[in-house]
Protein chains: 2
Amino acid sequence: MNVMPDRDSKETSATHGAYLKLRELILTGELPPGDKLKIEQLRKLLETGASPVREALSLLTSDMLVERIDQRGFRAAPVGKANFEEILMLRCTLEETALRASIRNADAEWEDRLVLRHHHMQRAGLRKAPDFEDAHKAFHMALLDNAHLPMLERYCSQLYDLNIRYRYLAAGGPSYKKRDIAAEHQNILDAALNRDADAATAHLIDHYRSTGEYLSSQMDG
Amino acid sequence: MNVMPDRDSKETSATHGAYLKLRELILTGELPPGDKLKIEQLRKLLETGASPVREALSLLTSDMLVERIDQRGFRAAPVGKANFEEILMLRCTLEETALRASIRNADAEWEDRLVLRHHHMQRAGLRKAPDFEDAHKAFHMALLDNAHLPMLERYCSQLYDLNIRYRYLAAGGPSYKKRDIAAEHQNILDAALNRDADAATAHLIDHYRSTGEYLSSQMDG
DNA sequence: ATGTCAAATAATATCGATATTTTTGGAGAG
DNA sequence: CTCTCCAAAAATATCGATATTATTTGACAT
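Predicted, not measured: the structure shown is a model, and the values here were computed from it.

Participant: So what's going on with the packing of aromatic side chains? Which residues, and what values?
Facilitator: All told, the structure shown has three aromatic pairs over all chains when counted by the stated rule. Taking 3.8 Å as the distance between ring centres and 45° as the angle between the ring planes, the aromatic pair formed by Tyr 155 of chain A and Tyr 155 of chain B counts as tilted. Placement of the pair is Tyr 155 of chain A in helix 7 (residues 150–171) and Tyr 155 of chain B in helix 7 (residues 150–171), with the two residues belonging to separate chains. Against the face of Tyr 208 of chain B rests Arg 91 of chain B, its NZ or CZ located 4.0 Å from the ring centre.

Written out as structure tokens, the structure reads:
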């Protein structure tokens, strides 16, 4: 009658599962940019039907990680220097807007959230934990989420993910230079807690520009 | 060698057809905000199968016109004053960025395109043609497309569509005050042709803010 | 009356199979 | 030897049906 004693705590949807798995594969470069994504091949890889795979791919086009060519299937989104630089530029513009709005709405709960996220990120970083990537994103998104601007947050989250992809492609992993990144994060955090919007955005943008230049130099030119 | 006297502009895909039709229905308010979008109901309305409907709805979530609730189907995205104001703010920020980049790349071909789009929009407006809406969007997008920043263009296009929706919801049609809108468009065009980025963005933002305030006043508060 | 629970109903998510379309490979003509 | 065209193969898009999950209904006890 039924299949398994399934643990109800988790998300039980073939489509959503396929979405998360495919997203991971594309972000890490295991499905390389420009590659044709054949339904049958993915169906076997993810051990599910064709319908969930198709829907997951459709959802990934929203995130600009997959391109859909009508009547000709799907492919992993291509990469390039121009694309990378557009992402960098948009992140600077949009995250500055979001961060300033967040600081404008600053309150005690937000500060608590920031401190906590920062702490978790530090812990994960020191232990080289595999969830450092998640903690890093959580900290950055926490900086922005007090703006209460859901569409802007969505854009920033999308762009963040697209940027992760370039990090993996450039370095083969999340092991980009961790030297003074801790200090940069600390500067952003301190400025945000001081509610100094100018300093916070300056530090944030410097943070992006410096890692951006490092990645950009590694690309083709 | 070739196929048929069939125009290549014709899109032969049930999914894409359903996408265009559903998009239209949501933008014009025929499928009202918050409404549950039942597959079976849409399947009959669009005279197609369930798979194309599902995929079209998935694609519309990218455009933020449809919300997907896992295991509980789809619904037309809700509306609200906060949402409208976020759209307005994002449009001002993003279109300013794009317009400045467009002007930075200004050349003769772009100027020609602008003049042409503006002319077509005027013609359609005077004749109250039903394609004024399309011509209006084409003019506004032409202002931005010389930036050669595809993601930014995509965001602007999405936000433009979301704004159309509020116009229809507020007025029951595209008949918002046409009084001095022609003059506003002329000002934007002239400034762009003069490659005066400051003036062009100022006029563009004024244009959005004034129609924005009109719509905002009509909403709930 | 009212709140709870289980059966009935309705809708979604998924599967397997088929129809269409694109791509591939090779034979024949120039 | 190259190009064109047609048949074979592969892949996509779509359909119809089923299994799963959410929602409603109504009986029953409090």
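Further notes follow.
Participant: Help me get a handle on the protein's contact with DNA strand D, residues and values and all.
Facilitator: Around DNA strand D, a shell composed of 18 residues is seen, among which Arg 54 and Gln 71 of chain A together with Ala 14, Thr 15 and Gly 49 of chain B lie nearest. Here DNA strand D approaches the protein such that, of its atoms within 4 Å, sugar and phosphate make up 87%. Contact between DNA strand D and Gln 71 of chain A: a phosphate oxygen at 3.0 Å from a main-chain N or O atom of the residue. Contact between DNA strand D and Ala 14 of chain B: a phosphate oxygen at 2.4 Å from a main-chain N or O atom of the residue. If you list the elements that add at least two residues to the surface near DNA strand D, you get strand 1 (36–37) of chain A together with helix 1 (14–27) and helix 3 (50–62) of chain B.

Participant: Talk me through the sheet that holds strand 2 (residues 66–68) of chain A; I want residue IDs and the actual numbers.
Facilitator: All names here are of chain A. Ordered in space as 1-3-2, the three strands form an open sheet in which the pairing is antiparallel. Strands at the two margins of the open sheet, each flanked by one partner only, are strand 1 and strand 2. In terms of strand pairing, strand 1 meets strand 3 (residues 74–76) through two bridges, oriented antiparallel. Across the sheet, Leu 37 pairs through a bridge with Phe 74, a residue of strand 3.

Participant: Give me the interface of chain B and chain A: which residues, what numbers.
Facilitator: Interface size is commonly expressed as the accessible area that is lost once the parts come together. If you look at the interface, chain B gives 32 residues, while chain A gives 32 residues. Roughly 2700 Å² is buried in total at the junction of chain B and chain A, and carbon and sulfur atoms are behind 59% of that figure. For the pair chain B and chain A, the interface holds four salt bridges. Of the charged contacts in the structure, one is a salt bridge between Arg 54 of chain A and Glu 55 of chain B, with a shortest N-O distance of 2.4 Å. Counting across the chain B and chain A interface gives 15 residue pairs in polar contact (both at pLDDT 80 or more). Only helix 1, helix 3, helix 4 (81–104) and helix 7 of chain B provide two or more residues apiece to the side of chain B that touches chain A.

Participant: So what's going on with the relation of the copies chain B and chain A? Which residues, and what values?
Facilitator: Aligned on chain A, chain B shows an RMSD of 0.0 Å; the corresponding rotation is 180° and the shift along the axis is 0.0 Å. Both copies are brought into coincidence by an operation consistent with a two-fold rotation axis. In terms of C-alpha distance to the rotation axis, chain B has Ser 62 of chain B as its closest residue, with the C-alpha 2.2 Å off the axis. Same-surface contact between copies: 100% of interface residues of chain B are shared with the interface of chain A.

The rules behind each value
- Residues numbered from 1 in each chain as written.
- Chains lettered and ligands numbered in written order.
- Predicted model: local features only at pLDDT ≥ 70, side-chain atom pairs only at ≥ 80, totals over all residues.
- Heavy atoms only, no water.
- Phe/Tyr/Trp six-rings, centres within 6.5 Å; stacked < 30°, edge-to-face > 60°.
- Helix = DSSP H or I, 4+ residues; strand = E, 2+ residues; numbered from the N terminus.
- Lys NZ or Arg CZ within 6 Å of the ring centre and 35° of its normal.
- Near = heavy atom within 4 Å.
- Polar contact = N/O pair within 3.5 Å; in protein donor to acceptor, adjacent residues only side chain to side chain.
- Pairing = 2+ DSSP bridges.
- Contact = heavy atoms within 4.5 Å.
- Buried area = accessible area lost by both parts, 1.4 Å probe.
- Salt bridge = Lys/Arg side-chain N within 4 Å of Asp/Glu carboxyl O.
- Least-squares fit on C-alpha atoms with pLDDT ≥ 70 in both.

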